[in-house]
Amino acid sequence: MFCNKLKLSIISATALFCTAVMADTGFKVPVHYNIELVDGVSDTASYSRFRRTVDLAPGRHQIVLLFKDTFKSGSDSRLVQSIDPVVIDIQDLKKDQLITFQYNQPSTEEQALRYSHQQKITLIDSTGKALPSNEASYFVMTSDRGFSLMRDYKEELMSLGRLYAPMDVPNSERGVTMTAYGAP
């Protein structure tokens with residue numbers, strides 16, 4: 001009798017743990033895309049290459065992605081990379097919300113080259129429902145200089161006034177603070 005209760009307790013705890021793990025809050029990186037920046041940071045510890053997800057806290061976020069992968073051309077494979085990254089602005093990520101996007105995934109080198117010059121995506125949640133622009137939006141960050149190996153996306157976004165990087169905001173500007181006299 002005790003063993004049956006113990007087994008049932010272990011199974012229940014495992015099911016509860018698995019449910020908690022499945023409820024992700026963040027962004028799922030689509031195939032053929034690589035993360036460049038998350039909230040102004042290039043080396044993000046919250047990215048899982050195995051699950052292709054970035055774990056994020058609820059709230060506002062900005063993700064910069066680059067289309068880059070190898071594609072078959074006959075018997076050879078060749079690297080295809082877009083010149084311009086996709087910048088995704090998430091206005092208010094909710095708890096247990098997983099955002100990603102759909103696009104026409106290329107399978108050949110020709111299709112990948114074509115797609116890399118005209119990236120069109122549809123932002124969706126985990127149910128497949130398209131997100132309205134007041135919840136999440138994107139733009140392709142073009143450059144007048146053309147292809148550059150060492151493009152600084154953070155600097156470019158800052159120069160455009162479009163960078164969201166909460167870690168770069170001084171503590172005094174992060175919210176309402178009090179003066180020495182007790183005034184906000």
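Note that this is a predicted model, so its numbers are computed, not measured.

Caption draft 1: Main features of helix α2 (residues 109-117). The complete set of buried residues in α2 reads E109, A112, Y115 and S116. For α2, the angular spread of buried residues about the axis comes to 125°, placing them on one side. Facing away from the buried side of α2, by more than 90 degrees, are the exposed residues E110 and H117. As for α2, its buried residues are in contact with β2 (33-38), β5 (59-73) and β6 (76-81).

Caption draft 2: How the structure looks around the sheet that holds strand β9 (residues 122-125). One open sheet accounts for 5 strands, arranged β3-β4-β1-β8-β9; its pairing is mixed. Two strands lie at the open edges of the sheet, namely β3 (47-48) and β9, each paired on one side alone. Two elements, strand β8 (residues 98-102) and β9, share 4 bridges in a ladder whose sense is antiparallel. Across the sheet, Q102 pairs through a bridge with T122, a residue of β9.

Caption draft 3: Just the pattern of salt bridges, in detail. Throughout the structure, instances matching the rule amount to 7 salt bridges. Of the charged contacts in the structure, one is a salt bridge between D96 and K95, with a shortest N-O distance of 3.8 Å. Among the ionic contacts, a cluster of salt bridges with common partners joins D24, R51 and D55.

Caption draft 4: Structural detail: the nonpolar core. F27, Y33, L65, F67, I88, F101 and I121 are the most contacted members of the largest nonpolar core, which has 25 residues in total. Sorting the residues of this core by element identifies β2, β5, β7 (86-93), β8 and α2 as the ones contributing at least two each. With sequence-adjacent residues up to four places away left out, L65 is seen in contact with F27, V29, Y33, N34, I35, E36, P85, V86, I88 and F101. One finds L37, V64, V87 and L157 within the second-largest nonpolar core, a separate group that totals 8 residues.

Conventions and cut-offs
- Residues numbered from 1 in each chain as written.
- Predicted model: local features only at pLDDT ≥ 70, side-chain atom pairs only at ≥ 80, totals over all residues.
- Heavy atoms only, no water.
- Buried < 20%, exposed > 50% of the residue type's maximum accessible area, 1.4 Å probe, protein only.
- Helix = DSSP H or I, 4+ residues; strand = E, 2+ residues; numbered from the N terminus.
- Arc of directions from axis to C-beta.
- Contact = heavy atoms within 4.5 Å.
- Pairing = 2+ DSSP bridges.
- Salt bridge = Lys/Arg side-chain N within 4 Å of Asp/Glu carboxyl O.
- Core = buried A, V, L, I, M, F, W, Y, C linked by side-chain atoms within 4.5 Å.

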